[in-house]
There are 2 protein chains.
Amino acid sequence: MTDTARDIADRTPPQRYGSRPTMKDVAARAGVGLKTVSRVVNGEPGVTPDTEHRVQEAITALGFRRNDSARILRKGRTASVGLVLEDLADPFYGPLSRAVEEVARAHGALLINGSSAEDPVREQELVLALCARRVDGLVVIPAGDDHRYLAPEMAAGVATVFVDRPAGRIDADAVLSDSFGGARDAVSHLIAHGHRRIGFLGDQPGIHTAAERLRGYHAAMAAAGLPVHDGWLSLGPTDPERVRGAAAAMLDAAEPVTALFAGNNRVTVTVVRVLAERPAPAAPVALVGFDDFELADLLSPGITVVAQDSAQLGGTAAGLLFRRLDGAGGAPRRVVLPTRLITRGSGELSPPPLS
Amino acid sequence: MTDTARDIADRTPPQRYGSRPTMKDVAARAGVGLKTVSRVVNGEPGVTPDTEHRVQEAITALGFRRNDSARILRKGRTASVGLVLEDLADPFYGPLSRAVEEVARAHGALLINGSSAEDPVREQELVLALCARRVDGLVVIPAGDDHRYLAPEMAAGVATVFVDRPAGRIDADAVLSDSFGGARDAVSHLIAHGHRRIGFLGDQPGIHTAAERLRGYHAAMAAAGLPVHDGWLSLGPTDPERVRGAAAAMLDAAEPVTALFAGNNRVTVTVVRVLAERPAPAAPVALVGFDDFELADLLSPGITVVAQDSAQLGGTAAGLLFRRLDGAGGAPRRVVLPTRLITRGSGELSPPPLS
DNA sequence: CCTGCCGCTGACAACGTTGTCCAGCAGCTA
DNA sequence: TAGCTGCTGGACAACGTTGTCAGCGGCAGG
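Residues numbered from 1 in each chain as written. Chains lettered and ligands numbered in written order. Predicted model: local features only at pLDDT ≥ 70, side-chain atom pairs only at ≥ 80, totals over all residues. Heavy atoms only, no water.

**Student:** Got a minute to help me understand the packing of aromatic side chains in this structure?
**Tutor:** For any two aromatic rings, the description comes down to two numbers: the centre-to-centre distance and the angle of the planes. Enumeration over the complete set of coordinates arrives at 6 aromatic pairs over all chains. Between A:F92 and A:Y93 the ring centres are 5.1 Å apart and the planes differ by 80°, which places this aromatic pair in the edge-to-face class. What makes A:F92 buried here is its relative accessible area of 9%. Looking at A:Y93, the relative accessible area reads 3%, which means it is buried. Joined through ring pairs, the aromatic side chains of A:F200, A:Y217 and A:F261 make up one cluster. Over the aromatic face of B:F180 sits the side chain of B:R215, whose NZ or CZ is 4.1 Å from the ring centroid. (Phe/Tyr/Trp six-rings, centres within 6.5 Å; stacked < 30°, edge-to-face > 60°. Buried < 20%, exposed > 50% of the residue type's maximum accessible area, 1.4 Å probe, protein only. Lys NZ or Arg CZ within 6 Å of the ring centre and 35° of its normal.)

**Student:** What am I meant to see in the relation of the copies chain B and chain A here?
**Tutor:** Both copies of the chain are tied together by a single rotation about an axis and a shift running along it. Of the transformation superimposing chain B on chain A, the axial component is 0.0 Å and the angular component is 180°, with the fit at an RMSD of 0.1 Å. The symmetry that links the two subunits is that of a two-fold axis. Judged by C-alpha distance, B:I112 is the residue of chain B that lies nearest the rotation axis, at 2.2 Å. The share of interface residues of chain B whose copies in chain A are also at the interface is 98%, consistent with both copies meeting through the same surface. (Least-squares fit on C-alpha atoms with pLDDT ≥ 70 in both. Contact = heavy atoms within 4.5 Å.)

**Student:** Would you explain the pairing of strand β1 (residues 80-85) of chain A in this entry?
**Tutor:** Consecutive side chains of a regular strand alternate in pointing toward one face of the sheet and then the other. All names here are of chain A. Counting buried residues in β1 gives 6 out of 6 residues, a clear majority hidden from the surface. The two faces of β1 match: S80, G82 and V84 on one face and V81, L83 and L85 on the other face are all buried. With 6 bridges connecting them, β1 and strand β2 (residues 110-115) associate as parallel partners. Its bridge partner lying in β2, V81 is registered against L111. Since β1 and β2 lie parallel, the crossover through helix α6 (residues 93-106) that links them has a hand, and here it is right-handed. Relative to strand β3 (residues 137-140), β1 is paired through 4 bridges, and the arrangement is parallel. What sits directly across from V84, in β3, is V140. (Helix = DSSP H or I, 4+ residues; strand = E, 2+ residues; numbered from the N terminus. Pairing = 2+ DSSP bridges. Right-handed = clockwise from strand over helix to strand, strands pointing away.)

**Student:** Please clarify how the interface of chain B and chain A should be interpreted in this entry.
**Tutor:** Interfaces are often sized by the amount of accessible area the parts lose when they come together. Contact with chain B, which involves 61 residues of that partner, is made by 61 residues of chain A. In this assembly, chain B packs against chain A so that about 5,300 Å² is buried in total across both faces, 53% of it on carbon and sulfur atoms. The largest contributions to the chain B side of the interface with chain A come from B:R65, B:R133 and B:R134, which together make up 13% of the buried area. Notably, a salt bridge pairs B:R273 with A:D297, separated by 2.6 Å at the nearest N-O pair. At the boundary of chain B with chain A, the tally comes to 24 residue pairs in polar contact (both at pLDDT 80 or more). Those elements that provide at least two residues to the side of chain B that touches chain A are α5 (68-75), α6 (93-106), β2 (110-115), α7 (120-132), α8 (151-155) and α12 (265-277) of chain B. Split by residue class, the side of chain B that touches chain A holds 28 nonpolar, 15 polar and 18 charged. (Buried area = accessible area lost by both parts, 1.4 Å probe. Salt bridge = Lys/Arg side-chain N within 4 Å of Asp/Glu carboxyl O. Polar contact = N/O pair within 3.5 Å; in protein donor to acceptor, adjacent residues only side chain to side chain. Nonpolar A, V, L, I, M, F, W, Y, C, P; charged D, E, K, R; others polar.)

**Student:** What is the right way to read helix α3 (residues 34-41) of chain A from this model?
**Tutor:** Each α-helix turn comprises 3.6 residues. Residues three or four places apart therefore point the same way. Residues and elements named next belong to chain A. Taken residue by residue, α3 has T36, V37, S38 and V40 as its buried positions. Of the surrounding elements, those touching the buried residues of α3 are α2 (23-30) and α4 (49-62). Positive backbone phi, at 65°, marks G43, one or two positions downstream of α3.

**Student:** Please clarify how the protein's contact with DNA strand C should be interpreted in this entry.
**Tutor:** A:G33, A:T36, A:R39, A:T51 and B:R74 are the nearest of the 26 residues found near DNA strand C. For DNA strand C, the fraction of atoms within 4 Å of the protein that belong to sugar or phosphate moieties is 64%. Measuring from a base nitrogen of DNA strand C, one finds a side-chain N or O atom of A:R39 at 2.7 Å. Here a base nitrogen of DNA strand C sits 3.0 Å away from a polar atom, N or O, in the side chain of B:K35. For the surface near DNA strand C, the elements supplying multiple residues, two or more each, are α3 and α5 (68-75) of chain A together with α3 (34-41) and α5 of chain B. It is α5(B) that provides the largest number of residues to the surface near DNA strand C, a total of 4 residues. Residue composition of the surface near DNA strand C, grouped by class: 7 nonpolar, 10 polar and 9 charged. (Near = heavy atom within 4 Å.)

**Student:** Help me understand the nonpolar core, please; the structure alone is not making it clear to me.
**Tutor:** What tends to happen in soluble globular proteins is that the nonpolar side chains get buried as a cluster. Formed by 87 residues in total, the largest nonpolar core has its most connected members in A:L260 and B:L260. Not counting residues up to four positions away in its chain, the partners in contact with A:L260 are A:L190, A:G199, A:L201, A:M250, A:L251, A:V271, A:V285, A:A286, A:L287 and A:V288. (Core = buried A, V, L, I, M, F, W, Y, C linked by side-chain atoms within 4.5 Å.)

Below, the structure written as structure tokens:
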């Protein structure tokens with residue numbers, strides 16, 4: 001073997017495609033023991049500078065990278081948390097997810113996330129898959145209303161915090177927005193501006209926030225002594241088709257609503273579209289939406305909304321999660337974050353004079 | 001020991017808080033061998049219905065869940081892919097991330113993602129952390145411009161696809177939008193409507209897409225034989241403060257621009273705000289933005305944009321990734337997806353008559 | 001010169017799972 | 001009844017890492 005050939009053989013990592021060098025390989029190349037490599041990799045004390053140098057050299061030469069799967073198996077902690085939400089593409093969840101990620105990062109953890117697509121079965125699959133990966137903790141925006149399947153996991157030490165909606169049939173930490181209060185404020189605002197016939201376009205009634213917002217709507221109407229007609233309520237999927245139809249029905253009724261309260265950001269946007277497409281009525285229809293959204297202030301009129309800070313929701317939940325992981329005990333907590341009515345014009349439009 | 005006591009002892013999982021039952025525990029309880037439990041858990045054939053039933057019972061009684069860390073260690077595949085992007089909270093990346101997730105899900109893989117916050121160091125940390133977890137593949141929206149650090153990982157079999165921007169100093173698959181063509185079309189559109197002094201507000205020039213869009217701008221101007229003044233170009237961070245200042249400078253110059261081309265969605269939104277806040281000029285300033293955004297059509301005027309489908313970008317990249325994971329070989333591919341000019345009014349405004 | 005200690009190093013087991021391989025057993029044929 | 005086949009079940013090693021512990025050399029103190 002020529003010098004050159006030996007040189008190359010020396011430098012070429014003895015790995016097949018797809019198999020990586022291990023600490024054993026590094027140890028062999030550096031002429032040291034396995035544990036010494038481990039010590040160097042983890043910055044543990046008790047290694048001569050000379051030895052450390054030889055090991056470092058072998059590491060870079062072989063392109064070694066510690067296998068965290070093995071490490072996790074050995075140590076029992078994965079330094080990762082799971083986030084299950086409805087749809088990452090929804091602008092409401094992006095900031096929430098990012099906030100959770102930032103907190104996780106501050107604690108040296110990675111974030112694994114999945115979208116449930118509002119399907120309870122898929123939610124459960126995802127959650128259990130994450131548990132099988134032994135995530136240290138879970139942040140869940142539930143799609144289903146029965147989370148008893150999580151009991152064994154939580155008993156085994158998987159910290160879990162629910163966000164936006166509480167857990168079903170199980171006692172667990174939860175961080176929520178004040179849906180009831182926010183909705184009540186929104187509807188009261190419309191009433192204060194003279195509206196009497198107010199429609200509510202909301203999400204499926206099985207969803208906790210939708211139910212709470214409906215409750216807030218009823219509370220505000222009742223407080224003002226106003227009746228509520230069946231035709232003013234429409235709860236269901238928030239796809240544009242259904243919402244368009246429901247809005248049209250309310251606006252085209254014999255006694256049409258003069259104001260609309262939209263139950264979440266997707267609904268609000270659809271309603272804005274519907275109102276923009278219809279021929280301008282004598283008196284414009286007022287609108288308040290739940291959830292703020294970008295550019296709401298630049299439409300004309302600006303859209304009055306009940307704002308909830310999704311990033312704060314996520315950050316609070318993640319903070320609570322890591323406090324639990326750090327050993328904080330005590331009964332499950334329920335944190336309710338306030339909402340804020342932001343008036344921009346669309347909620348202040350006056351109804352037509354009483355006939 | 002009474003019967004009742006034994007009964008309870010029998011049923012109570014022998015686990016401390018935080019430690020979970022293993023297949024060994026299940027096997028002991030069911031009175032079978034370890035491997036038999038493994039067979040049942042994985043649905044492998046060769047187990048009597050009776051035995052299987054006993055095992056299943058032990059599993060539910062103990063709350064056993066397979067430890068995927070150990071499984072991964074043994075099998076070598078993690079069934080997970082990593083996604084590194086700039087900021088999950090940006091509406092451009094939400095759909096992209098979701099699209100990647102859907103493809104991963106279709107292949108039975110989980111998605112682990114992280115935000116680089118446009119910081120090359122953080123990008124590298126994230127990517128390497130994901131590699132240490134032995135993700136099967138990576139989808140990367142690069143923040144840095146040197147990805148040689150990925151070479152050993154890719155050589156070791158980590159499939160990697162870059163999205164939105166190509167890899168730096170390394171040869172790798174990439175899925176891009178036609179930034180150059182889109183920008184050229186946008187600026188040509190403004191020129192076709194009579195504009196001669198057109199400003200470009202873009203992202204930092206180090207970012208590939210920003211450079212390409214700038215190139216497109218220059219190409220369109222050159223094709224029309226128009227000069228470009230230094231004051232019409234502003235590339236830098238896309239925080240609202242800087243963009244506001246830059247836009248104001250262009251609009252307040254001695255010879256102000258009559259049209260603006262905004263380099264991405266964040267810039268566009270800021271520019272819309274700036275234009276809305278300024279006293280209406282004699283002739284309104286025209287605007288075309290890169291990236292479509294929700295409600296662009298409902299502003300008045302509607303905002304003309306160069307649309308790129310971020311979901312398609314993500315889906316295409318993920319598809320390519322899994323094709324690689326399924327063994328597709330060949331040289332690194334570069335896929336360029338077309339953009340689409342959507343005219344809505346803001347780009348069709350006429351410039352003031354020539355003085 | 002011996003003892004004891006300290007700093008460094010490496011051998012070994014363990015984490016929980018899966019792949020390999022072999023043993024046991026029932027049912028069949030010769 | 002012996003031998004063969006086919007099926008079920010289990011013992012064992014291995015994946016790559018980390019924690020435990022013991023060995024080895026040198027050095028200071030007795």
